[in-house]
Amino acid sequence: SYAALIPHDDGAEISAQAMASLIKASGCNVEGYWPMLMAKMVSNVGMDALIKMGSGAGGGGAAAGPAAGAAGEAPPAGGAAGGAAG
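Residues numbered from 1 in each chain as written. Predicted model: local features only at pLDDT ≥ 70, side-chain atom pairs only at ≥ 80, totals over all residues. Heavy atoms only, no water.

Glancing now at the overall build of the protein chain. Looking only at helices and strands, one finds four helices and zero strands in the protein chain. Ordered by position from the N terminus, the helices and strands of the protein chain form the series α-α-α-α. When each of the 86 residues of the protein chain is scored for burial, the buried share is 15%. The contacts in the protein chain between residues at least 6 apart in sequence include a share of 32% that link residues at least 24 apart. (Helix = DSSP H or I, 4+ residues; strand = E, 2+ residues; numbered from the N terminus. Buried < 20%, exposed > 50% of the residue type's maximum accessible area, 1.4 Å probe, protein only. Contact = heavy atoms within 4.5 Å.)

Here we come to the packing of helix H2 (residues 16-25) against helix H3 (residues 33-45). With their axes 8 Å apart at the nearest point, H2 and H3 run at an angle of 135° to one another. In terms of orientation, H2 and H3 fall into the oblique class. Judged by the twist between their axes, the crossing of H2 over H3 is right-handed. Contacts between H2 and H3 involve Ala16, Met19, Ala20 and Ile23 on the former and, on the latter, Pro35, Met36, Met38 and Ala39. (Axes fitted to C-alpha atoms, helices over the stretch in contact; angles between N-to-C directions. Parallel < 35°, antiparallel > 145°, perpendicular 65-115°, else oblique. Left-handed = near helix turned anticlockwise from the far one by under 90°.)

The next thing to look at is the packing of helix H1 (residues 2-10) against H2. Viewed as axis vectors pointing N to C, H1 and H2 meet at an angle of 115°, and their least axial separation amounts to 9 Å. On the basis of their axis angle, the class for H1 and H2 is roughly perpendicular. Where H1 crosses over H2, the handedness of that crossing is right-handed. Of the residues in H2, those in contact with Ala3, Ala4, Ile6 and Pro7 of H1 are Met19, Leu22 and Ile23. A per-class count over the contact of H1 with H2 returns seven nonpolar, no polar and no charged. (Nonpolar A, V, L, I, M, F, W, Y, C, P; charged D, E, K, R; others polar.)

The next point concerns the packing of aromatic side chains. Evaluated as defined, the whole model comprises one aromatic pair. An angle of 40° between the planes, with centres 5.1 Å apart, marks the rings of tyrosine 33 and tryptophan 34 as tilted. When its relative accessible area of 40% is taken as the criterion, tyrosine 33 is described as partly exposed. (Phe/Tyr/Trp six-rings, centres within 6.5 Å; stacked < 30°, edge-to-face > 60°.)

As a further point, take the nonpolar core. Most often, soluble globular proteins have nonpolar side chains that are buried together. Core analysis: the largest hydrophobic core is formed by 10 residues, namely Ala3, Ala4, Ile14, Met19, Ile23, Met38, Ala39, Val42, Met47 and Leu50. Contributing elements (two or more residues each) for this core: H1, H2, H3 and helix H4 (47-53). The element contributing the most residues to this core is H3, with three residues. When residues no more than four places from it in sequence are discounted, the contact partners of methionine 19 are Ala3, Ala4, Ile14, Pro35, Met38 and Ala39. (Core = buried A, V, L, I, M, F, W, Y, C linked by side-chain atoms within 4.5 Å.)

Turning our eyes to something else, we now look at H3. In a regular helix each residue adds 1.5 Å, so 13 residues correspond to 18 Å; H3 covers 18 Å between its end C-alpha atoms and thus fits that length. After H3 finishes, the residue glycine 46 shows a positive phi value of roughly 100°. (Expected span 1.5 Å × (residues − 1).)

Here's what the structure looks like:
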């Protein structure tokens, strides 16, 4: 949560109240239990450890091999569907 990263970057304590205040100041709303849960997780795990864990979502495609028709290769004669037209 950005509401936890901001106090972390400032070296301030990451508390449920600080996060709730930041969320409110940003004009957003969350259920009241989210700042408390996030603060408890930060307290138990540590913000640096959470940052290192990352989200585990998305990405990963950049390391894959080149797609068909890699750069520098000309497409087969007669189109991309195998060469024979019609």
